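# Chains, contacts and geometry: an overview
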Amino acid sequence: MAATTAAFSSSSSLLSKSNVVKSSKRSPLRGKTCIAMAGKPFEVPKKYTKVQPMGGRVLIKIAETERETKGGVLLTEGSQQKPTSGDVEAIGDDVHGVKPGQTVLYNKFGIGADDMILNNEEFTMLRELDLIGTFPRSNASVDDIPNLEPLGDRLILTLKDAEMQTKGGILLTSGSQEKPVQGTVSKVGPGAWDEEKKALKPMNVKVGQEVVYFKYAGDQMQDGEGKKYVVLHESDVLAVLD
């Protein structure tokens, strides 16, 4: 990932009386430059109290890292996984699908995703396109996955378990089990934003339909009961079964 660059200058138009730092998708402005390399969160200088995203970017306050399992077992530092959900703190002018205060699930491998520390709290800045869906509450867990509402042109499929044995009765290893490419549509998003028409493009896939999708597409997940889902873009659906 390329280095993240932010420009600060007392005469810059990016600064306001309330000490707001704005993130831009354009080239950095002239002035003093701070560079945060990938893997290390950018620490916003203490004199700034807010970060205002630009364009189609969203600022998310990252949910707290789970430090113990449901059974109460403490996790080592290396075993603690960084959450990929959080609360929307601020949005750019070109964001249409989410509002501040909503809890979202996002793709941490999105293009241009940048972590930062503001007022001793962890945030991430990413594109609206990398938001997967919204949860009804903060600090969502795997038990909340059935309540996930997909964003944009995404849809949620409920998957069937992979076949554990061949027709001849031979048990398959996990590496030999065929990855499912068929699922049932359980939820659909509102549709992608059409910038020319200034409206949402209607989804063609409907809830309840059986579909075949591109084998390696989407984000796979499972809830607390082991039920499997995949969230993908409508364009990754290859066919509807009738």
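Refer to the structure presented above.
Please read all numbers here as calculations on a predicted model, not as lab measurements.

## Some details on the sheet that holds strand S13 (residues 154-159)
Spatial ordering of the open sheet is given by S18-S19-S13-S14-S17-S20, a layout of six strands whose pairing is antiparallel. Pairing within the sheet leaves two strands with one partner each, and these edge strands are strand S18 (219-222) and strand S20 (237-241). Across the sheet, the mean angle from the axis of one strand to that of its neighbour is 40°, orientation sign disregarded. As defined by bridge partners, S13 adjoins strand S19 (residues 228-233) across five bridges and the pair is classed as antiparallel. Residue pairing for S19: Thr158 is matched across the bridge by Tyr229.

## What about the sheet that holds strand S7 (residues 85-91)?
Taken in spatial order, the eight strands make up an open sheet running S4-S9-S10-S6-S7-S8-S11-S12, and their pairing is mixed. Each edge of the open sheet is held by one strand with a lone partner, namely strand S4 (42-43) and strand S12 (149-150). Two elements, strand S8 (residues 103-106) and strand S11 (residues 131-135), share four bridges in a ladder whose sense is antiparallel. Bridge pairing links Tyr106 to Leu131 in S11.

## Some words on the environment of Leu148
Here Leu148 is to be found in the loop between S11 and S12. The contact partners of Leu148, leaving out residues within four places of it in the chain, are Leu105, Ile132, Gly133, Thr134, Phe135, Ile156, Lys187, Met221 and Val231.

## Things to note about a nonpolar patch on the surface
A contiguous nonpolar surface patch, about 380 Å² in accessible area, is contributed by Phe214, Tyr216 and Leu238. Inspection of the secondary structure assignment puts Leu238 in strand S20.

## Structural notes on the side chain of Thr134
Note that Thr134 resides in strand S11. For Thr134, the contacting residues outside a window of four places in its chain are Val98, Gln102, Thr103, Val104, Asn147, Leu148, Glu149 and Leu151.

## Observations concerning the packing of aromatic side chains
One pass over the structure, following the stated rule, counts one aromatic pair. For the pair Phe214 and Tyr216, a centre-to-centre distance of 6.3 Å together with 75° between the ring planes defines the contact as edge-to-face. Note on Phe214: relative accessible area 43%, which makes it partly exposed. Judged by relative accessible area, Tyr216 falls into the exposed class, the value being 61%.

Conventions we followed
- Residues numbered from 1 in each chain as written.
- Predicted model: local features only at pLDDT ≥ 70, side-chain atom pairs only at ≥ 80, totals over all residues.
- Heavy atoms only, no water.
- Pairing = 2+ DSSP bridges.
- Helix = DSSP H or I, 4+ residues; strand = E, 2+ residues; numbered from the N terminus.
- Axes fitted to C-alpha atoms, helices over the stretch in contact; angles between N-to-C directions.
- Contact = heavy atoms within 4.5 Å.
- Patch = residues over 30% accessible without salt bridge, like charges linked within 9 Å, V, L, I, M, F, W, Y side chains within 5 Å.
- Areas by Shrake-Rupley, 256 points an atom, 1.4 Å probe, with all protein chains shown as cover.
- Salt bridge = Lys/Arg side-chain N within 4 Å of Asp/Glu carboxyl O.
- Phe/Tyr/Trp six-rings, centres within 6.5 Å; stacked < 30°, edge-to-face > 60°.
- Buried < 20%, exposed > 50% of the residue type's maximum accessible area, 1.4 Å probe, protein only.

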